[in-house]
Amino acid sequence: MDYNSLLTFCKENNTELVAVSKTRSVDEIMTLYNLGQRHFGENRVQEWREKKDLLPDDIQWHLIGHLQSNKVKYLIPEIHLIHSVDSLKLAEKINDVSKSKNVTTNILIQYKVAQEESKFGLDDQEENALIEFLRTAVNIRVNGIMGMGTFTSDESVLSKEFTTLISIFKRLKNEHFIQNENFKIKSIGMSGDYKLAIEHGSNMVRIGSLLFNSL
Ligand SMILES: *Cc1c(COP(=O)(O)O)cnc(C)c1O
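Only a predicted model underlies this, so the values are computations on that prediction, with no experimental measurement involved.

**Q** Looking at this model, I keep getting lost on the site of the ligand. Mind explaining?
**A** In the region of the ligand, the neighbouring residues are Val20, Lys22, Ile64, Met148, Met190, Ser191, Arg206, Ile207, Gly208 and Ser209. Lys22 places a polar side-chain atom, nitrogen or oxygen, 2.8 Å from an oxygen atom of the ligand. Contact between the ligand and Ser209: an oxygen atom at 2.8 Å from a main-chain N or O atom of the residue. When the ligand sits alone it has 390 Å² of accessible area, and the protein chains cover 84% of it. Given that more than half its atoms are within 2 Å of the pocket grid, the ligand belongs to the largest pocket. Taken together, the residues of the shell around the ligand break down into 5 nonpolar, 3 polar and 2 charged.

This is the structure in structure tokens:
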């Protein structure tokens with residue numbers, strides 16, 4: 001699908017388009033940049049560091065992949081939004097590093113609802129501890145949640161998972177982040193399922209292959 005049609009579709013649905021540029025070259029990224037794209041997503045810290053130094057400063061970078069605590073120091077302060085906060089340990093590290101650099105870092109809480117992943121998700125106790133910490137972490141801004149559906153084309157499976165993610169968002173908003181006006185992002189949807197995700201209430205999609213394969 002060409003960039004402009006996808007962008008128009010996202011805008012009509014008040015959805016932010018993050019172009020997932022992992023494994024893509026600096027030239028490919030510049031092609032989208034020159035069409036006006038500014039939000040890009042990467043999943044590996046080192047690959048991102050190498051590419052970002054060769055790219056314009058006004059790109060807003062999203063870290064969308066699994067993140068180890070010992071890599072956090074390489075992300076801050078340049079990263080625009082970390083989508084993959086899935087443990088208390090990681091959140092504490094992000095807060096510490098942000099504090100030491102005197103900045104506030106934007107994050108999303110990642111929820112694992114996909115069939116192949118559900119065994120890695122937060123249990124209730126871990127979730128409570130993470131949320132309690134995030135409610136008062138001074139150097140973190142909690143912007144919402146991120147989630148991924150099962151890798152399947154079965155829309156009934158995806159539909160159920162997206163419904164679960166949206167209800168998690170609403171529960172967190174109402175129970176813990178009602179006063180937090182930054183808590184509004186639902187980062188749900190990729191190349192294969194972004195339309196369904198938007199229908200369910202996503203307002204940020206992370207799209208890689210659909211965009212880059214058509215350049
Ligand atoms: C790779 C990736 C995407 C984009 O996937 P496509 O199917 O290429 O659109 C989105 N989110 C995450 C977390 C990813 O790792």
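**Q** Hey, could you run me through the pairing of strand 2 (residues 39–42) in this one?
**A** Here is the key point about a regular strand: its side chains alternate between the two faces of the sheet. Taking every second residue as pointing to the same face, both faces of strand 2 are buried, with His39 and Gly41 on one and Phe40 and Glu42 on the other. Inspection of the sheet shows strand 1 (residues 16–20) paired to strand 2 by 2 bridges, in the parallel sense. The residue bridging Val20 from the neighbouring strand is Gly41, located in strand 2. When strand 2 meets strand 3 (residues 60–63), the two strands line up parallel, connected through 4 bridges. The residue bridging Glu42 from the neighbouring strand is Leu63, located in strand 3.

Procedures and definitions
- Numbers given to residues run from 1 along each chain, matching the order in which its sequence is written.
- Given that this is a predicted model, residues contribute local features only at a pLDDT of at least 70 and side-chain atom pairs are listed and counted only at 80 or more, while totals for whole chains, interfaces and linings are drawn from all residues.
- Side-chain calculation: all heavy atoms of the structure are included, whereas hydrogens and water are not.
- Definition of nearness: a residue and a molecule or strand are near each other if at least one heavy atom of the residue lies within 4 Å of the molecule or strand.
- Within 3.5 Å is the distance limit for a polar contact, defined as a pair of N or O atoms, with the added protein rule that one can donate a hydrogen and the other accept it, and that residues adjacent in sequence qualify only through two side-chain atoms.
- With residues, only the protein chains shown are counted as cover, and all accessible areas are computed by Shrake-Rupley using a 1.4 Å probe.
- Of the grid points, spaced at 1 Å and generated over the protein atoms alone, those admitting a 1.4 Å probe that cannot get out make up cavities, while open sets with protein on both sides within 12 Å along at least five of seven lines make up pockets; any residue with an atom within 4 Å of a point is treated as lining.
- If over half the atoms of a molecule are within 2 Å of the grid points of a cavity or pocket, the molecule is regarded as sitting in it.
- Side-chain classes follow a simple rule in which Ala, Val, Leu, Ile, Met, Phe, Trp, Tyr, Cys and Pro form the nonpolar group, Asp, Glu, Lys and Arg form the charged group, and the remainder, Gly included, forms the polar group.
- For every residue, the accessible area (1.4 Å probe, protein chains only) is compared with the maximum for its type, and the residue is labelled buried under 20%, exposed over 50%, or partly exposed between those bounds.
- Helix and strand labels come from DSSP, where a helix needs a run of H or I of at least four residues and a strand needs a run of E of at least two; each type is numbered from the N terminus.
- Should DSSP find at least two bridges between two strands, the strands are regarded as paired.

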